[in-house]
Amino acid sequence: MEYVIEMRNIRKEFPGIVANDDITLQVKKGEIHALLGENGAGKSTLMNVLFGLYEPEEGEIYVKGNKVVNNDPNIANSLGIGMVHQHFMLVDKFTVTENIILGKEPTKSGKVDLKSAAKEVQALSDQYGLRVDPYAKVEDISVGMQQRVEILKTLYRGAEILIFDEPTAVLTPQEIVELIQIMKKLVSEGKSIILITHKLKEIIEVCDRCTVIRRGKGIGTVDVKDSNPDSLAAMMVGREVNFTVAKGIADPKESVLTIKDLVVLDSRKVPAVNGLNLNIRAGEIVGIAGVDGNGQSELLEAITGLRKISEGSIHLRDSDITNKTPRNVTRTGLAHIPQDRHKHGLVLDFSVGENMVLQTYYEKPFSNNGILKFSPIFEKANKLITEYDVRTPDAHTPARALSGGNQQKAIIAREVDRDPDFLIAAQPTRGLDVGAIEFIHSKLIEQRDKGKAVLLVSFELDEIMNVSDKIAVMYEGRIVAEVDPKQTTEQELGLLMAGGKRGTADAE
Amino acid sequence: MQNNNNKIKFLVPLVSVLLGLLIGGIIMLVSDYDPFEAYVALFQGIIGGPYFIGETIRQMSPLILAGLAVAFAFRTGLFNIGVEGQLLVGWLASVYVGVFVDAPAIIHIPLAILAAGVAGALWGAIPGILKAKFKVHEVITTIMMNYIALYSTNEIIRQFMLAPGERTKTIKETASLSSPFLQKITDYSTLHYGIIVALIAAVIMWFILWRTTLGFELRAVGFNQHASQYAGINVSKNIVLSMAISGVFAGIAGSMEGLGTYQYMTINAAFTGVGFDGIAVALLGANSAIGVVLGAALFGGLKIGALNMQSIAGVPTELVGVVIALIIFFVACSYIVHWLMNRVNKGGKI
Amino acid sequence: MSFMDILALIIPAAIVSAAPLIFTALGGVFSERSGVVNIGLEGLMLFGAFTGAVTIYYCEQLGLGSASPWISFAAAMVVGALLASIHALASITLKADQVISGVALNFLAAGLAIFLTKKIFHAGQTPVISERISKSDIPYLSDIPFIGKLFFSNAYATSYVAVLFAVIVWYVLYKTPFGLRLRSVGEHPMAADTMGIKVPKMRYIGVLLSGAFAGLGGAVYVASISGNFTHSTITGQGFMALAAMIFGKWHPLGALGAALFFGLAQAISISGSHIPFLEDIPKVFLLIAPYVLTILALAGLVGRADAPKALGTPYEKGKR
């Protein structure tokens, strides 16, 4: 059997992690092949290898049966491989046509022949049903049209194999319907498609076959018509990697955080959180399950005072913290373990000690009348370093020099030590090793047992299942279901996260 | 890891200075000058006698302050190219107080310096506000503010303070930093008390940055605006403050000229160049207070020594400008040094 | 003095002072459109002025006569590009801070130019040239009533070349594949990279062109206005050209308009005292007008000025 694309035994390492470990992917001509895996499973790395952005340490790539060495996107283009990037590679100030022809411009006596280019774009657009306005500027068109421009870019270069990297992550439901039609049209015209996704619904709807990877390893390839969401979810999540977290039964008390009818706009001024209600009580961990881009980041930014709230209110105990400054919210009793510890959690060039007081440096005893008091600061830092087992040579070492797990421990130490009523943990274990993960989970549970309210946001389903006392499923800016982790399954959660209805998994 | 960082911190400026001098030597060689004779003359012109030492130290004072101004803003992630303009308004303000106010020296001198600082702060705060409010890049606005300062100060002198010789009147004795004593012990150089002001300013800069909560916030914003915002620090406020404080140093640098070296202000056809030299000083001094003092000593020395180099070895003083430019290039390209060190130390993570 | 007389005094003067600014600002457009900040324009222009003065002097010695200035223009462009290559190497290949590299370039150019002047001529300035670009009327066009007298009479050929160049640069940047690619690299280098465009190469071209144009601007200043090179020949014209480029919104024709406008401000500030109703305006307002307007433009108060998106950021391949 000849494959249009065959990647054999690919291995790709980055410092400290193996992103792809012996993965094989075979794509037939004219099929839509899904590449399924959780966030961080290694899907994008594998596709960047195929597109020539990364060079693999081991493994071979065959295109239409011929072995190729592909270390440059130019080579990939000439091999007929095109990539529709998740973050669009478009020049905002250029027109649709200019973006499509860039680097391969038709000319007439030295001048870019925009007229015939636009005609060609129009022709391609008609052939594949990719509705665009060739003369519109990219900054003025919708996200859906921008994506169609990305697709046209690959077709204009004669791509036979198209890679779609999480194409639905940024689209509205209507745009998703349209995209699915486009993909079907493309394969009917003889193109082959690799679809990177973690949405089961899409796979069932459009894909022929599906290769699953998990934590950098290839799990297997299945025919979609022989599988169902349950079996795919099981392959994606992997039952055997359950972390068992030792915890007692929750004893929730009075409510601590109350969110009412919250509306928050994202940077494109579109509601990312749209009428959300949530209530978190003292002594419970509420886990938010949801696919990335359903408003989780905006929700957290709204709670912590970093993003403006358009409508609705947030109360922390009796205080209204709606649209208060971050400092104000923190002082009311909130601690925050942010999603991106390098960007938001730490000042990497500060010492560990300075990072430990990043929220409290202005208070006594760490300063007095605006003058920093270093002995209390480093006394505190050393105490926290011991208590939270932060592995660092000393408190004067820059935070940059610490491993990810120890950086995260330092953040947790700083936040938890302030003894807040309410703790937000956003993807607290992303990219960490097993030991650090266990430590962090136990600290979250310890906080719960001390009577704090904890909000956990994670894209790792098993983390949500194991750590939370209640799971709130977030979809398109709303909490669409609240379930008891003991009475649900990963399959059911997966379906709810993809916008499915409750109970469908049981019925199938 | 940290050891290596410290090594790089010293290595980069040191190697850059040596490379700069080396290429300067090659330029002299191909231009038919004797580089050895020239560098000996240069060196003697810096420390070869009390007069030269006095002149070098006098030259250092405004350079230290201008360097502190650039370095302070750098620490908050801001590039203050406007030191030159802030210096001019500071110069004018100090001379204004020196000429028009009557007070005993103990009040008059601090008052004149304070006026210079306030003028510099206001001039520096404008680009800060534009940056915080309108997201306008400070590099462009500070350059524009330099020219506005140049023409405005000239006009103010012409309109209100003109004395014969295209300059202001001389300041009153009570506002002067000049010191017959310092002049006497340095063979009648133009050395004045300004160096004390500059050194105190260096200590203050260090103190603000490393010992106060304000400095903590400024440095946090400089390293990582996002994390600072998450930690509840008001980023906009810190940007404006940083530019204003930077402007204070620059303004006081101007008062060194007004109250010390010249005792008046001339109508300037062009910039003094001190503000731009401050960029070189800060860069070479890795934006630390002690580094700035050392960098100012080097560049101040080079500028003064160049005069001796010209008269003894016949090499035009401008060669020193070329050497300084080369040093800046090398420090700015320290990427290579860092990159090399990183390659060597790969896997050195804890 | 009639209104016509006033205009006849100011407008040709404005066009004269604008020409060097136009060339240099066009250079800035090339560099910054490719994503590289170039505050070294001042130094590049200064070195161009030096090169121009020296070349004209020697060409005169060789008896090349009125061709001398034109030869010097070519020389200044080559030398400007060479000098700019240092900035390109530092800021593109070695990823130095582009602003610092530009500052260093200004130091280097100023130091080197005076150093060489002293070395060659044993004096602080070059000899005054005799073969200047001469003023002339443009045939036919200068006969047009009203307009002819203002715009086409008694002006330097270089001024018209400057205007012509602005149009050519506009055509190159906005109508050719090269221009499309150059602009894409300044806006979204990663997108350009995935389309097979060599980002460093395009940026090198942008910076080298900026050197050539700024060098030309300096040489034109010498050949038409100053007549020789001294330490005070170029004091701020390069920065004013930078301001013109920004006020012109990084667009060649915008830069042309801004440079003409700034030239007008300069012309009025010089001859304004002879003109009724302008003599009351303090000169200082005209002198600072270009800079104040540029700041206002950046703050969005005089139409929004949008810099190329990737301006000032080094491009690192494979970095996401």
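Just so we're clear, the structure is a prediction, and the values are computed from it rather than from any experiment.

Asker: Before we move on, could you go through the overall build of chain C and cite the residues and values that matter?
Answerer: What chain C contains, in helices and strands, is 12 helices and 2 strands. Listed by position from the N terminus, the elements making up chain C come as α-α-α-α-β-α-β-α-α-α-α-α-α-α. Compactness check: chain C gives a C-alpha radius of gyration of 20 Å against a globular reference of 20 Å for 320 residues, within 12% of the reference. In terms of principal-axis extent, the alpha carbons of chain C reach across some 65 × 50 × 40 Å. Residue burial in chain C is summarised as follows: out of 320 residues, 57% are buried.

Asker: Lay out the packing of helix H2 (residues 41–61) of chain C against helix H4 (residues 98–121) of chain C in plain terms, naming residues and giving numbers.
Answerer: All names here are of chain C. Two numbers describe how H2 lies on H4: the axes approach to 7 Å, and their chain directions differ by 20 degrees. Our classification of the angle between H2 and H4 gives roughly parallel. The crossing of H2 and H4 is left-handed. Residue-level inspection shows Glu42, Gly43, Leu44, Leu46, Phe47, Phe50 and Val54 of H2 in contact with H4, the latter providing Leu105, Asn106, Leu108, Ala109, Ala110, Ala113, Thr117 and Ile120. Its residues placed into classes, the contact of H2 with H4 shows 11 nonpolar, 3 polar and 1 charged.

Asker: I'd like a description of the packing of helix H2 (residues 35–47) of chain B against helix H3 (residues 50–75) of chain B, backed by residues and values.
Answerer: All names here are of chain B. Relative to each other, H2 and H3 sit at 80 degrees, their axes nearing to 5 Å. Regarding the angle of H2 to H3, the classification is roughly perpendicular. Across from Gly45, Ile46 and Ile47 in H2, the residues of H3 making contact are Phe52, Ile53 and Thr56.

Asker: Before we move on, can you summarise the confidence of the model for chain C with the specific residues and values?
Answerer: The predicted model of chain C averages 87 in pLDDT, with 91% of residues at 70 or higher. Prediction confidence for the complex, expressed as pTM and ipTM, is 0.85 and 0.87 respectively.

Asker: Which residues make up the interface of chain B and chain C, and what values do they have?
Answerer: With 33 residues of chain B in contact, the opposing surface of chain C contributes 37 residues. For the side of chain B that touches chain C, a count of residues per class yields 27 nonpolar, 4 polar and 2 charged.

Reading guide: rules and limits
Residues numbered from 1 in each chain as written. Chains lettered and ligands numbered in written order. Predicted model: local features only at pLDDT ≥ 70, side-chain atom pairs only at ≥ 80, totals over all residues. Helix = DSSP H or I, 4+ residues; strand = E, 2+ residues; numbered from the N terminus. Rg over C-alpha atoms; globule rule 2.2 N^0.38 Å. Buried ≥ 20, exposed ≤ 12 C-beta atoms within 10 Å, placed from the backbone. Axes fitted to C-alpha atoms, helices over the stretch in contact; angles between N-to-C directions. Parallel < 35°, antiparallel > 145°, perpendicular 65-115°, else oblique. Left-handed = near helix turned anticlockwise from the far one by under 90°. Contact = placed C-beta atoms within 7 Å. Nonpolar A, V, L, I, M, F, W, Y, C, P; charged D, E, K, R; others polar. pLDDT = per-residue confidence, 0-100.

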